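Reading the structure
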Amino acid sequence: MPEKKTYYITTPIYYPSGNMHIGHTYTTVAADTMARFKKMQGYDTYFLTGTDEHGQKIERKAEEKGVTPKAYVDEIVANAKDLWKLMEVEYNDFIRTTDERHEKVVQKIFRQFYEQGDIYKGSYEGLYCTPCEAFWTPTQVVEKDGVKCCPDCGRPVEPMQEESYFFRMSKYQDWLLDYLQTHPDFIQPASRANEMINNFLKPGLQDLCVSRTSFKWGVPVDFDPKHVVYVWIDALSNYISALGYDTPDDHLFRKYWPADVHLVGKEIVRFHTIYWPIMLHALGLPLPKQVFAHGWLLFGNDKMSKSKGNVIYADDMVELFGVDATRYFVLHEMPFENDGVITWDLVIERFNSDLANILGNLVNRTVSMSNKYFGGVVTSTGVTGEVDADLKAVVTETRDRIAGKMAKLRVADAISEVFALFRRCNKYIDETT
Ligand code: MSP
């Protein structure tokens with residue numbers, strides 16, 4: 001038998017600073033849907049998710065709660081795993097950045113970068129946003145009432161200076177620009193690729209701060225232990241550490257790398273399409289085939305946030321509507337390129353119009369007629385007419401159209417095709433009463 005084609009899909013590894021909400025659930029369910037679809041098509045699939053557990057924010061949250069950072073994240077990770085189980089998410093592996101298997105790989109990678117001159121020691125001066133764990137340049141921050149604020153979350157930033165290691169991103173800038181321009185499918189949807197090229201690459205890449213000394217909760221730099229590896233080298237390497245990269249048992253790595261798709265939200269596309277390709281290139285590894293960035297699920301017009309108190313959790317939706325309806329809702333509501341919107345009213349409307357009226361009606365009419373007229377047994381009567389031929393054609397065309405949409409990660413569009421078919425089937429029943 002020829003070897004099955006492989007398909008490796010990942011979600012971002014989420015920060016376990018709080019429980020996962022419907023936004024995290026969207027990405028995870030979308031990846032699960034893709035993995036299941038590919039499996040159905042005969043691919044040997046591997047689906048990775050996990051948690052990104054280090055950093056100052058978690059350290060502080062744990063302190064507030066009076067527990068160790070590890071105890072703090074353990075509880076949230078347990079909740080996340082319960083949630084994915086509830087959502088019937090069938091991942092192959094769940095990587096935690098506190099796993100020893102991960103930390104070892106991160107240390108090796110960091111050392112290799114240092115030894116080959118990609119990482120150097122310097123000192124960092126910048127405007128720091130603690131909640132986002134991000135440094136910003138004076139031109140990037142936004143001013144609100146005279147206060148310099150984070151362009152991502154809008155909270156105040158503080159000036160900060162410390163000894164840090166830096167990754168020489170600038171060295172790889174031309175290579176990356178050329179790569180992106182010659183691989184138009186690497187970043188999808190394409191509009192996001194233009195944004196990366198025009199807003200980040202063309203103006204010139206800044207070297208990236210990759211270690212910190214101001215907190216302890218991270219992977220120690222083994223040759224300079226007052227430093228911990230700072231966020232992106234730690235986080236991004238999960239996609240290969242989980243496969244056993246650079247360990248004696250690297251059969252998963254050899255089988256599944258490069259990934260077919262990293263599914264991410266639009267706010268982290270920069271890290272996945274600039275820093276990550278450069279890191280991989282510096283390691284001499286092939287790049288993932290695609291980074292797909294989806295929009296956000298907004299609550300009405302707003303970004304969900306705990307401080308606004310407008311966060312929706314999937315568990316609550318499941319309690320009211322069930323797992324399938326919840327999965328259906330998030331997949332249906334997220335368009336290919338833009339943001340999706342969620343409100344309780346919208347969920348109820350979808351539930352009634354799509355699931356009850358279109359699908360529910362079709363199932364109900366089919367099953368009750370089958371029971372009433374054929375004793376509940378479906379047999380081929382051999383009778384066919386023009387109406388049947390048309391229905392058959394629609395069914396097979398739909399299958400192909402769905403495969404086409406799914407190949408492009410247009411999941412919501414694929415769902416629309418499914419429901420168009422259900423409508424057609426309802427019409428068939430009307431036509432043949
Ligand atoms: N830890 C980093 C990712 C590292 S990946 C190497 C991180 N974590 S996060 O907890 O903030 O998760 C962000 C991701 O969660 C988004 O990229 C997206 O996949 C998902 N979402 C979180 N909120 C979301 C919405 N409101 N809507 C849709 N997806 C959202 O960033």
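The following refers to the structure shown. (Residues numbered from 1 in each chain as written. Predicted model: local features only at pLDDT ≥ 70, side-chain atom pairs only at ≥ 80, totals over all residues. Heavy atoms only, no water.)

**Brief notes about the overall build of the protein chain**
Scanning the protein chain from N- to C-terminus turns up 15 helices and 17 strands. Over its C-alpha atoms the protein chain spans a radius of gyration of 24 Å, differing by no more than 12% from the 22 Å that the globule rule assigns to 433 residues. Here the protein chain, with 433 residues, has 52% of them falling under the buried criterion. Considering only contacts within the protein chain whose residues lie at least 6 apart along the sequence, 75% involve residues at least 24 apart. Summing over all exposed atoms, the protein chain offers an accessible surface of approximately 20,600 Å²; the carbon and sulfur share of this is 52%. Side chains of the protein chain give 49 positive and 60 negative charges; the mean places of these two sets differ by 2 Å. (Helix = DSSP H or I, 4+ residues; strand = E, 2+ residues; numbered from the N terminus. Rg over C-alpha atoms; globule rule 2.2 N^0.38 Å. Buried < 20%, exposed > 50% of the residue type's maximum accessible area, 1.4 Å probe, protein only. Contact = heavy atoms within 4.5 Å. Areas by Shrake-Rupley, 256 points an atom, 1.4 Å probe, with all protein chains shown as cover. Lys, Arg positive; Asp, Glu negative; His and termini not counted. Charge placed at Lys NZ, Arg CZ, Asp CG, Glu CD.)

**Details of the pairing of strand β4 (residues 119-129)**
Where β4 lies against strand β8 (residues 158-167), 10 bridges are found, and the strand directions are antiparallel. The residue of β8 that forms the bridge with G126 is M160. In this sheet, strand β5 (residues 134-136) lies alongside β4 in antiparallel orientation, the contact comprising 3 bridges. Residue pairing for β5: L127 is matched across the bridge by W136. Connecting β4 to the next strand, β5, in antiparallel fashion are 4 residues, including E133 with a positive phi near 50°. (Pairing = 2+ DSSP bridges.)

**A few points about the packing of aromatic side chains**
Tallied over the full model, the rule gives 28 aromatic pairs. Taken together, the aromatic side chains of Y8, Y46, Y239, Y245, F253, Y256, W257 and W276 make up a single cluster linked through ring pairs. Positioned above the aromatic ring of W296, the side-chain terminus of K266 is 4.6 Å from the ring centre. The ring of F336 has R410 sitting right over it, with the charged end atom 3.7 Å from the ring centre. (Phe/Tyr/Trp six-rings, centres within 6.5 Å; stacked < 30°, edge-to-face > 60°. Lys NZ or Arg CZ within 6 Å of the ring centre and 35° of its normal.)

**Some words on a nonpolar patch on the surface**
A cluster of nonpolar residues, M369, Y373 and F374, forms a patch on the protein surface that exposes about 340 Å² of accessible area. Turning to its location among the elements, F374 is positioned in helix α13 (residues 344-374). Exposure remark for F374: the relative accessible area of 53% places this residue in the exposed category. (Patch = residues over 30% accessible without salt bridge, like charges linked within 9 Å, V, L, I, M, F, W, Y side chains within 5 Å. Salt bridge = Lys/Arg side-chain N within 4 Å of Asp/Glu carboxyl O.)

**Some remarks on the side chain of Q290**
In this fold, Q290 is placed in the loop between α10 (269-283) and β14 (291-294). When neighbours within four sequence positions are excluded, Q290 is seen to be in contact with D185, F186, Q188, D260, V261, H262 and L409.

**So, helix α5 (residues 173-182)**
Among all positions in α5, only Q173, L176, L177, Y179 and L180 are buried. End-on, the buried residues of α5 take up no more than an arc of 160°, which puts them together on one face. Where α5 is buried, its residues meet β9 (187-188), α6 (190-201) and α10. (Arc of directions from axis to C-beta.)

**Regarding the pairing of β14**
The alternating pattern of β14 places V291 and A293 and F292 and H294 on opposite faces, both of which are buried. In the sheet, β9 pairs with β14 via 2 bridges, with the strands oriented parallel. Bridge assignment links Q188 to a residue of β14, and that residue is F292. With 4 bridges connecting them, strand β13 (residues 261-265) and β14 associate as parallel partners. By the bridge assignment, V264 is partnered in β14 with A293. Traced from β13 through α10 to β14, the parallel crossover comes out right-handed. (Right-handed = clockwise from strand over helix to strand, strands pointing away.)

**A closer look at the environment of W84**
Looking at where W84 falls in the secondary structure, it is placed in helix α3 (residues 69-86). Among the residues examined, W84 registers a relative accessible area of 1% and is labelled buried. What W84 contacts, discounting residues up to four positions off in sequence, is Y14, M20, H24, T25, T28, T49, V89, Y91 and F94.

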